Amino acid sequence: MKMKKIVMTSIILIIIITMLAGCNSSKSNNASKESSKASDGQNITITMMYSGVAAENDFETQILPKLVKEKFPNITLEVTKLPDDQYYTALKTKLASGNAPDMFLVQPMYAGMNSVISLAKAGYLAPLNDLKSLKLVGESAQKAVSYNGNVYAMPTGIAILGTYYNKSIFDSLGLKVPTNWDEFLKTCETLKNAGIQPIVMGDKDMYVMQFGLYQIAANQIYPKNMDFDNQLRTGKTKFTDKGTWDKVLSMYSELYEKGYIEKNSLGIGATQAIQEFIDGKAAMIFEGSFNEPAIMAKGAKDFERGYFPLPGNDKGSELYASVSISAGPAIYAKSKYINECKQIIDWWYNGESSAYKGMVESGRFIPTYGYGVDKVNELFKPFIELYNKGKAIYWCNQAWPAGVENKMEELFGEHIGLGTPIDDITKGMQLKFEELNTSSN
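Residues numbered from 1 in each chain as written. Predicted model: local features only at pLDDT ≥ 70, side-chain atom pairs only at ≥ 80, totals over all residues. Heavy atoms only, no water.

S.K.: Sorry, what's going on with the overall build of the protein here?
M.R.: Helix and strand counts for the protein come out as 18 helices and 12 strands. Principal-axis analysis of the C-alpha atoms places the extent of the protein at approximately 120 × 50 × 40 Å. A sequence separation of at least 24 residues applies to 74% of the contacts in the protein between residues at least 6 apart. Roughly 20900 Å² of accessible area belongs to the protein as shown, and the carbon and sulfur atoms make up 52% of that amount. Taking the average location of the 46 positive side-chain charges in the protein and that of its 48 negative ones, the two points are 9 Å from each other. (Helix = DSSP H or I, 4+ residues; strand = E, 2+ residues; numbered from the N terminus. Contact = heavy atoms within 4.5 Å. Areas by Shrake-Rupley, 256 points an atom, 1.4 Å probe, with all protein chains shown as cover. Lys, Arg positive; Asp, Glu negative; His and termini not counted. Charge placed at Lys NZ, Arg CZ, Asp CG, Glu CD.)

Below is the structure:
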């Protein structure tokens, strides 16, 4: 009998121990599952890489990491910012090695070497469809950063290409803002006859050639065929089609031929060109809203600035502006901290967070919702009015495989310096497009 009690007691103990073990195992599994979903308060470091040059009190590299730490005390955000050409090379290398940062900057549509479509197609990006802040940016903005039904980046407001001008010079000559191409040419001629350089451009940094060309294309190509770029992919349209890019390039070339753009532009860098403008050495410069702080900086002469869409439209035709959805952050598909990155981006872009306010106050993009909408710079209002009326076209290269714009810049540079025929430029653009479009499919 005594033996039976001992046996029974042992069996009961075994059952209890087994149950406890099972319970602990269950807790362990649950803890494991939970830690895979979130950092669970543990201190983590999230890396982010952006393009550009870090300036004093830079938003991405200095302000944002501090704000993230305040909002998420367990998260340290480490941000690297590289000049554009270095950024593209570094990102490509890191993606290929499987060692990309947790978050990085991507461009809308097909724009650049870090375009959202090419990176999403390659499987490098995590979908962001579940972010609440996406509802604030609008459908057209979401479309610009989507692929195959998924949103892969957070669009950052809008950016503008336009023509900054010296109001003091214009007023002294009785000049008004031109409303069509003929009027613009007459304005340039009046300035030149007065001994004033009409336009300065830093073509040594060839990417600035896009700033004038895209404004003209927004008026000469797309109002007649809004589907021009999509049709390039099917062969229905070509860069060599008469009356399209040949006309755009010829119109821009006229500004060089007549000396309206400084003749030594290929020897002037982008920064130097801005300095010449703010020093009062030229009446106009084609530039982006993203460089407004530099354009408004104090120069050798004190004068009021203005900003208007380059009127590449024919007399009697409506004016269109060149307005683009700005680049924004995406999340690396292999990041260990996808959920945490989503939390940061969702908070960052909610329209009222300290991070969103700091980004708006950096002045490099124009908000379309939330903080700052009611305080948009007066300079940008004519462009926003056209944008809201549907009279605005995205920057052309956003719809091209990365590299077509580089070929355009290279050949147009040869046109300025060596006289390369316009037809050779359009042929070169078409050949590069076909080469890259085939390789990307």
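The structure having been displayed, the exposition proceeds.
S.K.: Help me out: how do you make sense of the nonpolar core in this one?
M.R.: Counting 137 residues, the largest nonpolar core has Phe 104, Trp 245, Trp 348 and Trp 400 as the members making the most contacts within it. Once residues within four sequence positions are removed from consideration, Trp 400 is found in contact with Tyr 110, Ala 111, Tyr 214, Asp 229, Leu 232, Arg 233, Phe 239, Trp 245, Glu 405, Met 408 and Met 429. (Core = buried A, V, L, I, M, F, W, Y, C linked by side-chain atoms within 4.5 Å. Buried < 20%, exposed > 50% of the residue type's maximum accessible area, 1.4 Å probe, protein only.)

S.K.: How should the environment of Leu 418 be read in this particular structure?
M.R.: Residue placement: Leu 418 occurs in helix H17 (residues 404-418). On the basis of relative accessible area, Leu 418 is assigned to the exposed category, the value being 72%. Expressed as a C-alpha distance, the spacing of Leu 418 and Ser 97, which sit 321 residues apart in the sequence, is 41 Å.

S.K.: Explain the packing of helix H9 (residues 209-220) against helix H11 (residues 245-257) to me, please; I cannot follow it from the model alone.
M.R.: Between two packed helices, both the angle of their axes relative to each other and the distance between the axes serve to describe the pair. At a closest axis distance of 9 Å, the pairing of H9 and H11 adopts a crossing angle of 130°. Classified by the interaxial angle, the pair formed by H9 and H11 is oblique. In the crossing of H9 with H11, the sense of the turn from one axis to the other is right-handed. Residues Met 209, Gly 212, Leu 213, Tyr 214, Ile 216, Ala 217 and Gln 220 of H9 touch H11, and the partners they reach there are Trp 245, Lys 247, Val 248, Leu 249, Met 251 and Tyr 252. Its residues assigned to classes, the contact of H9 with H11 shows 10 nonpolar, two polar and one charged. (Axes fitted to C-alpha atoms, helices over the stretch in contact; angles between N-to-C directions. Parallel < 35°, antiparallel > 145°, perpendicular 65-115°, else oblique. Left-handed = near helix turned anticlockwise from the far one by under 90°. Nonpolar A, V, L, I, M, F, W, Y, C, P; charged D, E, K, R; others polar.)

S.K.: Would you mind going over the sheet that holds strand S11 (residues 328-331) with me for this structure?
M.R.: Read across the sheet, four strands follow the order S2-S1-S3-S11 without closing on themselves; strand pairing throughout is mixed. The open sheet has two edge strands with one neighbour each: strand S2 (75-82) and S11. Going across the sheet, the axis of each strand differs from the next one's by a mean of 30°, ignoring polarity. One ladder, built from eight bridges, connects strand S1 (residues 44-51) with S2; its direction is parallel. Residue Tyr 50 lies in a different strand from S2, and its bridge partner there is Lys 81. Relative to the sheet, helix H2 (residues 59-71) contacts S1 and S2, its axis offset from that of S2 by approximately 170°. (Pairing = 2+ DSSP bridges.)

S.K.: What's the story with the pairing of strand S3 (residues 103-106) in this structure? I'm lost.
M.R.: In regular strands, side chains alternate between the two faces of the sheet. Burial along S3 is two-sided: the residues Met 103 and Leu 105 and Phe 104 and Val 106 are all buried. Alignment of S1 against S3, held across two bridges, turns out to be parallel. Paired with Met 48 across the bridge in S3 is Met 103. Relative to S11, S3 runs antiparallel, the two being bridged by four bridges. The partner of Met 103 across the bridge, within S11, is Ile 331.

S.K.: Could you clarify how one ought to interpret the pattern of salt bridges in this entry?
M.R.: Side chains bearing opposite charge may pair, as long as their charged atoms lie close to each other. If you walk through the whole model with that rule in mind, you get 12 salt bridges. For Lys 238, the salt bridge is made with Glu 434, and the minimal N-O distance between the two is 3.9 Å. On the criterion of sequence distance, the pair formed by Lys 238 in the loop between helix H10 (228-234) and H11 and Glu 434 in helix H18 (residues 422-440) is long-range, its members being 196 residues apart. On the accessibility criterion, Lys 238 (31% relative accessible area) is partly exposed. On the basis of relative accessibility, which here comes to 34%, the residue Glu 434 falls in the partly exposed class. Within the structure, one salt-bridge network assembled from shared partners comprises Asp 58, Glu 60 and Lys 81. (Salt bridge = Lys/Arg side-chain N within 4 Å of Asp/Glu carboxyl O.)

S.K.: Looking at this structure, how should I read the packing of aromatic side chains?
M.R.: When we look at a pair of aromatic rings, we describe it by the centre distance and by the angle of the planes. If you walk through the whole model with that rule in mind, you get 27 aromatic pairs. When the ring of Phe 277 is compared with that of Phe 303, the centres are 5.7 Å apart and the planes differ by 90°; the resulting orientation is edge-to-face. Highlighted residues: Phe 277 in helix H12 (residues 270-278) and Phe 303 in the loop between helix H13 (292-295) and strand S9 (305-308), separated in sequence by 26 residues. An aromatic cluster is present here, built from Trp 181, Phe 184, Tyr 252, Tyr 256, Phe 286 and Phe 412 joined pairwise through their rings. Over the face of the ring belonging to Phe 303 we find Arg 305, whose NZ or CZ atom lies 4.1 Å from the ring centre. (Phe/Tyr/Trp six-rings, centres within 6.5 Å; stacked < 30°, edge-to-face > 60°. Lys NZ or Arg CZ within 6 Å of the ring centre and 35° of its normal.)

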